[in-house]
Every structure is written in structure tokens, then in C-alpha cells.
Amino acid sequence: MKIFYSIIIVLLLIGCNEDNNSLNAEENIKLNIRVHLMESEAWIHPLGSEMNMWVTESDVRQTIIPEMNSIWSQAKIEWMVEGIINEPIVEYNGFEEDIEYIINSERDDEGRSDPARLPLLYNLMNPSYLSSEIELEKNLFHIYIFPFIGNTSQGNAMNPYGFHSVVGCWTNKHNRGENPEKTLLTEPQTEFVRGSLARTISHELGHVLGLSHSCNNCLMYSRGYELNVAQIVISTEEARRRSGV
Ligand SMILES: [Zn+2]
């Protein structure tokens, strides 16, 4: 009799475990992200900063991705690191002039960032690590961390370039175009000081998942982390489509 009850208990335990596993599997939509650390000689800003690539693989794994996942948990989206590539910029003919252009680019009178710098950033990416046309629709998302992506700009979703999104690890957005400083890895949770790489990356991935700046003091506009109900619906739908679940 004892053996009979033991078998029942074991069966029950196995049953519970399976339930838990399938519940967990359903909970998060897992999206793959490839992070490119764009290596180069330091880019020299006219105001003096020597902007090097200082973000490391462990910064990405231990600090940036966990904060991104905490932000995106409200849409039950989980970012899985597919790869972190230490990628030397492509040194084609005239690349130095193009970097010079990027470093000096500014917003126009209406506050729009300079679109002419985007193809130049795209040209610095190694073609063998980009997504092909077919892969673009699949479950692989790209973030390129450059030394700098233009004055008072911290990120761009790169919509016309297959969403090979870019962020700068040096920025002068918070000091309105003064000498660039290292971008924060994550933001202090209590009081907003300035935008971090984790939040900017989360914001650009929001665009990739179909979101616009349609909120206030939130992830997609101004400061904050929140996604509203409509944004959760849109991003979840796109995430499901891309991940095939
Ligand atoms: Zn935006």
C-alpha cells in the first residue's frame, strides 16, 4: 500500500512540474538580440572628448540586458542575447570623413536629427553581421553601439536600414550639445538624471516592434519606462509574429 501511495505522490509531483514548465514557457515571448560593439580608434569631438568604445560584453550581459528585460517585462517580452560581437568598423575609402560628418551632425531648427548621418553609420557596419533581407522578418534584432551617433542624439531605430538600430556610448543629449560624456549604462530607478543605454535601446526596440512616440512620460516619449495598454498590444503582437509563437 505504501508503495502505491508513493507512486501516486511521485506522479502528482511530475504532473505539477510539467504544468509549471508549460506555464513558464507561455509567459514570456523570447526575442533574440545581437549586440554589436563597434570598435574603432577614439573619435575626437571638436569640444575635446576622446570617444572610445568602452562598453564591454559583461556590461551588456550583466547590466544592460537585465534592465531592458525589467522594462520589457510589462509586455512579457524577454530579450535573449543571440551574440555579442566585437566588431571593427569597416574602413572603406573615405570613412574618416564620414565619421567626421557624424561627429559634427546636429539637429535642425525644428529639432529633427540629421538623417544624412544614418547611411554613414550603416556603411560602418560589417555586411557579414547584418541580417539579410529574409532574416529581417525573423526573430533576430540588432543593436549597434557606436562611440557616438551625432550631437544631442542618443539612439535611432534605423527604420530605412532594416532596423539595424544604433546607439551612442558617448552622448551630449543631457547637456544639450556640450562636450560628450560616457552614456550611463542604466538609469537610477528613483530619480531621473539622464537617459541610459538600457533605456535608449529599449526605446529603439519599441520602434522596431511598431511603437511611435504616442504617450507622455513613458518609455516611448520623454522620460520613464511605462508602456500603455495599446503599446503593449501592438508590441506583443509584433513580437509574437517575429518569434512565431
Ligand atoms: Zn523615438
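Residues numbered from 1 in each chain as written. Predicted model: local features only at pLDDT ≥ 70, side-chain atom pairs only at ≥ 80, totals over all residues. Heavy atoms only, no water.

S.K.: What exactly am I supposed to notice about the overall build of the protein here?
M.R.: Across its full length, the protein holds six helices and nine strands. For the protein, the proportion of its 245 residues judged to be buried stands at 45%. The contacts in the protein between residues at least 6 apart in sequence include a share of 62% that link residues at least 24 apart. Just so you have it, the protein exposes about 13000 Å², and 52% of that area is on carbon and sulfur atoms. (Helix = DSSP H or I, 4+ residues; strand = E, 2+ residues; numbered from the N terminus. Buried < 20%, exposed > 50% of the residue type's maximum accessible area, 1.4 Å probe, protein only. Contact = heavy atoms within 4.5 Å. Areas by Shrake-Rupley, 256 points an atom, 1.4 Å probe, with all protein chains shown as cover.)

S.K.: I would appreciate a short explanation of the pairing of strand S1 (residues 29–39) in the present structure.
M.R.: The side chains of a regular strand alternate, first on one face of the sheet and then on the other. Counting buried residues along S1, eight of its eleven residues qualify, which places the element largely inside the surrounding structure. Two elements, S1 and strand S4 (residues 77–88), share eleven bridges in a ladder whose sense is parallel. Paired with leucine 37 across the bridge in S4 is asparagine 86. Bridge analysis of S1 against strand S5 (residues 141–146) gives five bridges, and the strand direction is parallel. Across the sheet, the residue bridging to leucine 37 is isoleucine 145, located in S5. (Pairing = 2+ DSSP bridges.)

S.K.: I'm lost on the coordination of the zinc ion in this one. Help?
M.R.: Ideal geometry at a metal centre: 109.5 degrees between donors when four sit tetrahedrally, and 90 or 180 degrees when six sit octahedrally. Every protein donor of the zinc ion is accounted for by His203 (NE2), His207 (NE2) and His213 (NE2), and the metal-donor separations fall at 2.0 to 2.1 Å. Mapping the donors of the zinc ion onto the primary sequence yields the spacing H-x3-H-x5-H. You can see histidine 203 sitting in helix H5 (residues 197–208) and its partner histidine 213 sitting in the loop between H5 and helix H6 (229–243), a full ten residues away along the chain. (Donors = N, O, S within 2.8 Å, 3.2 Å for Na, K, Ca; no water.)

S.K.: Whenever I open this one, a negative patch on the surface confuses me. Can you help?
M.R.: There is a patch of like negative charges on the surface, built from Glu41, Glu91, Glu96, Glu97 and Glu100. Mapped onto the elements, glutamate 96 comes out in helix H3 (residues 95–104). (Patch = residues over 30% accessible without salt bridge, like charges linked within 9 Å, V, L, I, M, F, W, Y side chains within 5 Å. Salt bridge = Lys/Arg side-chain N within 4 Å of Asp/Glu carboxyl O. Lys, Arg positive; Asp, Glu negative; His and termini not counted. Charge placed at Lys NZ, Arg CZ, Asp CG, Glu CD.)

S.K.: Where do I start with the state of the cysteines in this structure?
M.R.: Every disulfide links exactly two cysteines, by a covalent bond between their sulfur atoms. All told, the structure shown has one disulfide when counted by the stated rule. Here cysteine 215 pairs with cysteine 218 through a disulfide, and the sulfurs are 1.9 Å apart. Disulfide cysteine 215 to cysteine 218: torsion about the S-S bond roughly 75°, handedness right-handed. As far as the burial class goes, cysteine 215 and cysteine 218 line up, both buried. (Disulfide = S-S within 2.5 Å.)

S.K.: Even after reading the chapter, I still don't get the sheet that holds strand S7 (residues 164–168), so can you show me in this structure?
M.R.: Picture the strands of a sheet paired through backbone hydrogen bonds; they go either parallel or antiparallel. Across the sheet, which stays open at both edges, the five strands sit in the order S4-S1-S5-S7-S6 with mixed pairing between neighbours. Only two strands of the sheet have a single neighbouring strand rather than two, namely S4 and strand S6 (155–156). Summarising the sheet, S5 and S7 pair through five bridges and their orientation is parallel. Residue pairing across strands places isoleucine 143 opposite serine 165, the latter belonging to S7. Helix H2 (residues 57–72) rests against S1 and S4 of the sheet, and its axis sits at about 150° to S4. Its contacts with the sheet put H6 on S1, S4 and S5, and the angle it makes with S1 is roughly 85°. (Axes fitted to C-alpha atoms, helices over the stretch in contact; angles between N-to-C directions.)

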